[in-house]
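This is what each chain is made of:
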Amino acid sequence: MYMPGQDGLATLEALRALPHCPPIVYVTGSEESRIAVAALKAGADDYVVKSVGEDFFDLLASSFDQVLDRAQLRRGREAAEAELRASNARLEALLKEVNHRVANNLQMIMSFVALQSKSLADAGAREALQKTQQRIATVAQVNRRLYTTNDVEFVAMDDYLEGLAHDLSETWSNGAGVRRVTAAVEPVRVATDKAVALGMIANEWVSNACKYAYAHDHGGEIRLSLRQTGSATIELAVEDDGAGMPDDGVARGTGLGTRLIEALARTHKAAVSYVPVDPSRAQPGTRASIRVDLRPGEIRPAAVPD
């Protein structure tokens, strides 16, 4: 501790600056606790007070053995952690590549479906294929976001549903009537499989509203929203200002979309609700909503930008 020219703490600091610093045992005749604290804070692996007698050498030898054992364990742990990080990086790269290829394959299938629909004379068959194409696009959007982000387990719902709303608006708008689809989505991240299910439901509801809520030659707005209502509960809703549900309460269409939503709701043990937006209006509109209870590990707050 009290070497001339450079004391023990300064020497310890210089040793710790070495690229491969060995374990350091700080040995001094001083019994001041402040020196022991300062040495350990500066990076000493152990601290031994010099004394007269054989016991000191036994204590010193024991300290050497202990710090060498700890150093070996530390090196082993660091090597294992480095290998784990490398393995995780390889796995994430592989998952991104898989998602990239899946997205490409889905895009190719969408192209095949689009070509097939153009060759059909039956309007109903063409519409069915167009809806199939949009359902595939809903899944493809998830995969596209997975391989363009650093998170392959969770989907940022605001980014996903806003992109879906934009695509649906362009798909269902025509020269006579524009369908303006807006999205108000809280910034939460949801596990991939749940995000796909919510996207499929949103696609079906928005598509139905675009087709049935407003007359073919009139424009209209469809509002898509998602909000977190509890620590692990989210609510997805789609509403319009159109004609409202039929008197019998049965959604119009082929029924495939309704059956798909019911199946997804059963799988996720969620309740689906259809209510008028404003019953007092001639055009009461419709609000379709589903509330899903997620497990704590299936939802996360939005990622903080770097």
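This write-up is about the structure you can find in this document. (Residues numbered from 1 in each chain as written. Predicted model: local features only at pLDDT ≥ 70, side-chain atom pairs only at ≥ 80, totals over all residues. Heavy atoms only, no water.)

**Remarks on the overall build of the protein chain**
Okay, step 1: Of regular secondary structure, the protein chain possesses seven helices and 10 strands.
Okay, step 2: Per-residue burial for the protein chain yields a buried fraction of 36% across its 306 residues.
Okay, step 3: In the protein chain, once contacts between residues fewer than 6 apart in sequence are set aside, the share between residues at least 24 apart is 65%.
Okay, step 4: Per element, the accessible surface of the protein chain, about 17700 Å² overall, is 56% carbon and sulfur.
Okay, step 5: Side-chain charges of the protein chain comprise 34 positive and 41 negative groups, with the mean position of each set lying 6 Å from the other. (Helix = DSSP H or I, 4+ residues; strand = E, 2+ residues; numbered from the N terminus. Buried < 20%, exposed > 50% of the residue type's maximum accessible area, 1.4 Å probe, protein only. Contact = heavy atoms within 4.5 Å. Areas by Shrake-Rupley, 256 points an atom, 1.4 Å probe, with all protein chains shown as cover. Lys, Arg positive; Asp, Glu negative; His and termini not counted. Charge placed at Lys NZ, Arg CZ, Asp CG, Glu CD.)

**Let's talk about the environment of A165**
Okay, step 1: With respect to the helices, strands and loops of the structure, A165 is situated in helix α5 (residues 157-172).
Okay, step 2: Taking the relative accessible area as the measure of exposure, A165 reaches 2% and is therefore buried.
Okay, step 3: Along the backbone, A165 and R223 are 58 residues apart, and their C-alpha atoms lie at a distance of 8.9 Å.
Okay, step 4: Contact partners of A165, with chain neighbours within four places excluded, come to V181, A183 and L224.

**Overview of the sheet that holds strand β5 (residues 188-191)**
Okay, step 1: Overall, antiparallel pairing links the three strands, which are arranged β3-β5-β10 in an open sheet. Either end of the sheet is taken by a strand with one partner, and the two such strands are β3 (154-156) and β10 (299-301). Recorded for the sheet is a direction-independent mean angle of 30 degrees between the axes of neighbouring strands.
Okay, step 2: Pairing geometry for β3 and β5, over three bridges, is antiparallel. Bridge pairing links F154 to A191 in β5.
Okay, step 3: Sheet contacts for helix α6 (residues 192-213): β3 and β5; angle to β5, the most-contacted strand, approximately 100 degrees. (Pairing = 2+ DSSP bridges. Axes fitted to C-alpha atoms, helices over the stretch in contact; angles between N-to-C directions.)

**So, a nonpolar patch on the surface**
Okay, step 1: Together, L91, L94, L95, V98 and V102 make up a nonpolar patch on the protein surface, roughly 390 Å² of accessible area in all.
Okay, step 2: Among the structural elements, L91 can be located in helix α3 (residues 54-118).
Okay, step 3: On the basis of relative accessibility, which here comes to 45%, the residue L91 falls in the partly exposed class. (Patch = residues over 30% accessible without salt bridge, like charges linked within 9 Å, V, L, I, M, F, W, Y side chains within 5 Å. Salt bridge = Lys/Arg side-chain N within 4 Å of Asp/Glu carboxyl O.)

**A closer look at the nonpolar core**
Okay, step 1: Formed by 40 residues in total, the largest nonpolar core has its most connected members in M157, L161, L226 and L236.
Okay, step 2: Elements represented by at least two residues in this core include exactly α5, β4 (179-185), β5, α6, β6 (220-230), β7 (233-240), α7 (256-267) and β9 (286-293).
Okay, step 3: When residues of this core are assigned to their parent elements, the largest contribution, 11 residues, is made by α6.
Okay, step 4: Each residue touching L236, except ones within four places of it in the same chain, is listed here: L161, L198, I201, A202, W205, L224, S225, L226, A288, S289 and I290.
Okay, step 5: Among the nonpolar cores identified, the runner-up in size contains nine residues, and I24, Y26, A36 and Y47 belong to it. (Core = buried A, V, L, I, M, F, W, Y, C linked by side-chain atoms within 4.5 Å.)

**Looking at the packing of α5 against α6**
Okay, step 1: Axis separation between α5 and α6 bottoms out at 10 Å; the angle between their running directions is 30 degrees. By the angle between their axes, α5 is roughly parallel relative to α6. In this structure, α5 crosses over α6, and the sense of that crossing is right-handed. Seen from α5, the contacting residues are M157, Y160, L161, L164, L168 and W172; seen from α6, they are A195, L198, G199, A202, N203, V206, S207, C210 and K211. (Parallel < 35°, antiparallel > 145°, perpendicular 65-115°, else oblique. Left-handed = near helix turned anticlockwise from the far one by under 90°.)

**Brief notes about the environment of V292**
Okay, step 1: Examined against the element boundaries, V292 turns out to sit in strand β9.
Okay, step 2: Between the C-alpha atoms of V292 and L236, which are 56 residues apart in sequence, the distance is 8.2 Å.

**A closer look at the pairing of strand β1 (residues 25-28)**
Okay, step 1: Pairing between β1 and strand β2 (residues 46-49): four bridges, direction parallel. In the sheet register, Y26 faces β2, and the bridge partner there is Y47.
Okay, step 2: In this region the chain leaves β1, passes through helix α2 (residues 33-41) and returns to the parallel neighbour β2; the handedness of that crossover is right-handed. (Right-handed = clockwise from strand over helix to strand, strands pointing away.)

**As for α6**
Okay, step 1: Under the 1.5 Å per step criterion, the end-to-end length of α6 is 30 Å for 22 residues, consistent within 8% with the ideal 32 Å.
Okay, step 2: Of all the 22 residues making up α6, 18 are buried; the element is thus mostly covered by neighbouring parts of the structure. (Expected span 1.5 Å × (residues − 1).)

**Structural notes on the side chain of E204**
Okay, step 1: Structurally, the position occupied by E204 is in helix α6.
Okay, step 2: Here the side chain of E204 touches N203 through a polar contact of 3.5 Å, side chain to side chain.
Okay, step 3: Among all residues touching E204, those that are not within four sequence positions of it are R135, G257, L260 and I261. (Polar contact = N/O pair within 3.5 Å; in protein donor to acceptor, adjacent residues only side chain to side chain.)

**Focus: the pattern of salt bridges**
Okay, step 1: Tallying each qualifying case throughout the model produces 18 salt bridges.
Okay, step 2: Between E32 and R34 there is a salt bridge, and its shortest N-O distance comes to 2.7 Å.
Okay, step 3: The exposure class assigned to E32 is partly exposed, which follows from its relative accessible area of 34%.
Okay, step 4: In this structure R34 comes out as exposed when scored by relative accessible area, which is 54%.
Okay, step 5: In this structure, the salt-bridge partner of D241 is R223, at a minimum N-O distance of 2.9 Å.

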